[in-house]
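Here is what each chain is made of, one letter per residue.
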Amino acid sequence: LHLDSTGLGARVVGFAERLRESLAQVGRRQLWSAAALGVPIWILVFVFYAILAQGLGLSLECACIGVLGFADMVVGVGLSMLGNMIPIKGFGGFGLQDMGWAAGFTALGVHKDLAASTGLAAHLVYLFNISLLGLLGHTLMGFSRRARSD
């Protein structure tokens, strides 16, 4: 394909080579274990966001298709997850994740104001959870270091 003839292509080819070499060092069993753990984690992430969306009011008759079901929530949240994977973030991570949420639920027929406000609210809940778990993790790491040094 001669992708390495351009600067971007050379970086992509270099990344693919490094990825191939790294994966070659990992055994098949470890790869399957990672996949076996990754699938339930992603399922739980979608379940969390779908339940959160319903809790924020998107389960009401707020769409032109009627009541949004769980499958609809997964579709709406899916665009949010895709937006979150793009490495462009604003302060506090606000940006494409929220736009993805709003776009996903607007596409399902939710009024754009409700889709945008619930997207921001979901992001605030996400930030709270991450901050709380981060604080808890750092606190526990501090206690474990003290216990090892004593």
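Relevant structure appears above.
Residues numbered from 1 in each chain as written. Predicted model: local features only at pLDDT ≥ 70, side-chain atom pairs only at ≥ 80, totals over all residues. Heavy atoms only, no water.

Colleague: In this structure, what is going on with the side chain of S80? I would like to understand it.
Modeller: With respect to the helices and strands, S80 occurs in helix α3 (residues 70-85). Since its relative accessible area comes to 1%, S80 is described here as buried. (Helix = DSSP H or I, 4+ residues; strand = E, 2+ residues; numbered from the N terminus. Buried < 20%, exposed > 50% of the residue type's maximum accessible area, 1.4 Å probe, protein only.)

Colleague: Would you take a moment to explain a nonpolar patch on the surface for this structure?
Modeller: Taken together, the side chains of F15, L19, L23, V26 and L31 present a nonpolar region at the surface, about 420 Å² in accessible area. The dominant element in the nonpolar patch, judged by the number of residues it contributes, is helix α1 (residues 7-25), at three residues. Here L23 shows up in helix α1. (Patch = residues over 30% accessible without salt bridge, like charges linked within 9 Å, V, L, I, M, F, W, Y side chains within 5 Å. Areas by Shrake-Rupley, 256 points an atom, 1.4 Å probe, with all protein chains shown as cover. Salt bridge = Lys/Arg side-chain N within 4 Å of Asp/Glu carboxyl O.)

Colleague: What exactly am I supposed to notice about helix α2 (residues 28-58) here?
Modeller: For an α-helix, the turn length of 3.6 residues means that residues three or four places apart are oriented alike. For α2, built from 31 residues, the straight-helix expectation of 45 Å at 1.5 Å per residue is met to within 8% by its first-to-last C-alpha distance of 42 Å. Taken together, the buried positions of α2 are Y49, A50, L52, A53, G57 and L58. Packing partners of the buried residues in α2 comprise α3, α4 (96-107) and α5 (112-149). (Expected span 1.5 Å × (residues − 1). Contact = heavy atoms within 4.5 Å.)

Colleague: I would appreciate a short explanation of the packing of α2 against α5 in the present structure.
Modeller: Each packed pair of helices is defined by two parameters, the angle between the axes and the distance between the axes. Their axes nearest at 10 Å, the elements α2 and α5 cross at an angle of 125°. On the basis of their axis angle, the class for α2 and α5 is oblique. By crossing handedness, the relation of α2 to α5 is classed as right-handed. Every residue of α5 that contacts α2 at F48, Y49, L52, L56 and L58 is listed here: L114, T118, A121, A122, V125, Y126 and N129. Each residue belonging to the contact of α2 with α5 can be placed in one class, and the counts come to ten nonpolar, two polar and no charged. (Axes fitted to C-alpha atoms, helices over the stretch in contact; angles between N-to-C directions. Parallel < 35°, antiparallel > 145°, perpendicular 65-115°, else oblique. Left-handed = near helix turned anticlockwise from the far one by under 90°. Nonpolar A, V, L, I, M, F, W, Y, C, P; charged D, E, K, R; others polar.)

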